[in-house]
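A look at the structure
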Amino acid sequence: MVDIMFKFEAFSFKGICKTVALPLCPLMGENEGIEPVCYSRNVDLSGNLVFQPATLVIDVVAIIMTAIMIYHIRSKYTAVGRKEIVMFFYLYMVSVFLEMLLITDIIPTSSGAYPYFAAIHLGVVSATFWCLLLNGFVGFQFAEDGTPLSLWSIRISSFFIFVIVGVIALLTFNNVGPFSYNNPGVLWVFSFIINGIAFIVYVVSQIILVVNTLDDRWPLGDILFGTAFFLVGQVLMYVFSVVICDQVKHYVDGLFFGTICTLLSVMMVYKYWDSITKEDLEFSVGSKQNMWEVKELMAEDELSQQSYSNQTSPYPGSPSPYGQQQHQHYHHSPYDQPQHPY
């Protein structure tokens, strides 16, 4: 039986790193880093040790699933906030890829490049939360979506967050000036408090958006499930990691379940965005998923024309002498126009 179940200390990674093996833990505390009490066992592949093999599989799945979501977002050519939300998924994909390199020891902790990649990873994670926060305000149309103001405000501010957190992390890892790996309070604030606030603001803003502007309440379910997945993942990772690792004989730990739940919460962000955005069929090119809607509308249009033709005829059941002419006049619809070249 392990000595501790979990240990969470404010403004310090010491207790956290004793609970779960985060990418920054080898750079915290003393020169040797902080080793968790219980962690997933390693796998020997052709003489190379691979750490966290189960989490590695989930990271690969997360990258593939994110690529699929990005493809579907980009295919909705006229959806509101398409270019803004896709930046969030790109950042999430990069953060997962960097995490995969760090936790599996593909980049060894003894390597001189490890602190730089760990700092970049922390910067990308914070930029991902910031980008999600700003996407929460796109639906309120403070700036019209897709415009340079909307896009570059997200890109530039996210880049600033990335640089600020990355530099703070690198200075902390190298024990430079007021930043120390024995007292990483500033880095802890960005990692937990500021990122947490960004997540909460996004959730609250989307609830307000749905309640005040949409007639459909089903998107609230997507928000609820996404929030639940994320919170459950954080609890499993930071509270029950040691217990899970001990009970399953070191095959997996809390990081495995935290990665799964984070992926599920990101998928619910996509599901929520997809449920509140509608594509303008008139300007959609190459999209077959809405063809049934076009056919249904055209069928209804033809039925209405036949009904109108019968009503205008002086003899019930016989065609109107003006039926052919009226049919030609009323048959035109937006869907009969040539597709827009873009």
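So, a few notes on the structure that sits alongside this text.

1. Notes on the packing of helix 3 (residues 82–103) against helix 5 (residues 148–173)
Axis separation between helix 3 and helix 5 bottoms out at 9 Å; the angle between their running directions is 15°. In terms of orientation, helix 3 and helix 5 fall into the roughly parallel class. Like other packed secondary-structure pairs, helix 3 and helix 5 cross with a definite hand, here right-handed. For the pair helix 3 and helix 5, the contacting residues are Lys 83, Glu 84 and Met 87 in the first and Ser 150, Leu 151, Ile 154 and Arg 155 in the second. Its residues assigned to classes, the contact of helix 3 with helix 5 shows 3 nonpolar, 1 polar and 3 charged.

2. Quick look at the packing of aromatic side chains
Given two aromatic rings, one states the distance between the centres and the angle between the planes to describe the pair. On inspection of all chains with the given rule, the structure shows 14 aromatic pairs. With a centroid separation of 6.1 Å and an interplanar angle of 40°, the aromatic rings of Phe 13 and Phe 192 are classed as tilted. Of this pair, Phe 13 sits in the segment before helix 1 (14–19) while Phe 192 sits in helix 6 (residues 185–213), and the two are 179 residues apart along the sequence. The class for Phe 13 is buried, based on a relative accessible area of 2%. Taken together, a centroid distance of 5.0 Å and an interplanar angle of 80° make the contact between Phe 256 and Phe 257 edge-to-face. With a relative accessible area of 29%, Phe 257 lands in the partly exposed category.

3. Let's talk about the side chain of Glu 84
As for its placement among the helices and strands, Glu 84 is situated in helix 3. As a buried residue without a salt bridge, Glu 84 has its nearest oppositely charged side chain in Arg 82, at a separation of 7.8 Å. A polar contact of 2.7 Å, which involves the side chain of Glu 84, links it to the side chain of Ser 150. In this view, Glu 84 contacts Cys 131, Asn 135, Val 138, Asp 145, Gly 146, Ser 150, Leu 151 and Ile 154; residues no more than four positions away in its chain are not counted.

4. Regarding the environment of Val 252
Following the sequence through the fold, Val 252 ends up in the loop between helix 8 (241–247) and helix 9 (254–276). A sequence separation of 214 residues divides Val 252 from Cys 38, and the C-alpha atoms of the two residues are 9.7 Å apart. Leaving out residues up to four positions away in the same chain, Val 252 has contacts with Ser 40, Ala 54, Ile 244, Cys 245 and Phe 257.

5. Comments concerning the state of the cysteines
A complete count under the given rule lists 2 disulfides for this structure. Disulfide pairing is shown between Cys 17 and Cys 25; the S-S distance is 2.1 Å. Measuring the twist about the S-S bond at about -90°, one finds the Cys 17-Cys 25 disulfide to be left-handed. Accessibility classification places Cys 17 together with Cys 25 in one group, the buried group. Residue Cys 38 pairs covalently with Cys 245 via a disulfide, S to S 2.0 Å. Residues Cys 38 and Cys 245 are joined by a disulfide whose S-S torsion is about -75°; by sign, that bridge is left-handed. Within this pair, whereas Cys 38 is found in the loop between helix 1 and strand 1 (43–45), its partner Cys 245 is found in helix 8, the two being separated by 207 residues in sequence. Once the disulfide-bonded cysteines of the chain are ranked by sequence position, their pairing pattern turns out to be 1-2, 3-4.

6. Concerning the nonpolar core
With 33 residues, the main nonpolar core has Ile 73, Phe 88, Phe 89 and Val 269 as its most contacted residues. Going through the elements one at a time, helix 2 (53–75), helix 3, helix 4 (114–135), helix 5, helix 6, helix 7 (219–238) and helix 9 are the ones with two or more residues in this core. Here this core gets 8 residues from one element, more than from any other, and that element is helix 3. Excluding residues that lie within four positions of it along the chain, Phe 88 makes contacts with Thr 128, Cys 131, Leu 132, Asn 135, Val 266 and Val 269. Core analysis: the second largest hydrophobic core is formed by 30 residues, Cys 17, Met 28, Ile 34 and Phe 173 among them.

What counts and how
Residues numbered from 1 in each chain as written. Predicted model: local features only at pLDDT ≥ 70, side-chain atom pairs only at ≥ 80, totals over all residues. Heavy atoms only, no water. Axes fitted to C-alpha atoms, helices over the stretch in contact; angles between N-to-C directions. Helix = DSSP H or I, 4+ residues; strand = E, 2+ residues; numbered from the N terminus. Parallel < 35°, antiparallel > 145°, perpendicular 65-115°, else oblique. Left-handed = near helix turned anticlockwise from the far one by under 90°. Contact = heavy atoms within 4.5 Å. Nonpolar A, V, L, I, M, F, W, Y, C, P; charged D, E, K, R; others polar. Phe/Tyr/Trp six-rings, centres within 6.5 Å; stacked < 30°, edge-to-face > 60°. Buried < 20%, exposed > 50% of the residue type's maximum accessible area, 1.4 Å probe, protein only. Lys, Arg positive; Asp, Glu negative; His and termini not counted. Salt bridge = Lys/Arg side-chain N within 4 Å of Asp/Glu carboxyl O. Polar contact = N/O pair within 3.5 Å; in protein donor to acceptor, adjacent residues only side chain to side chain. Disulfide = S-S within 2.5 Å. Core = buried A, V, L, I, M, F, W, Y, C linked by side-chain atoms within 4.5 Å.

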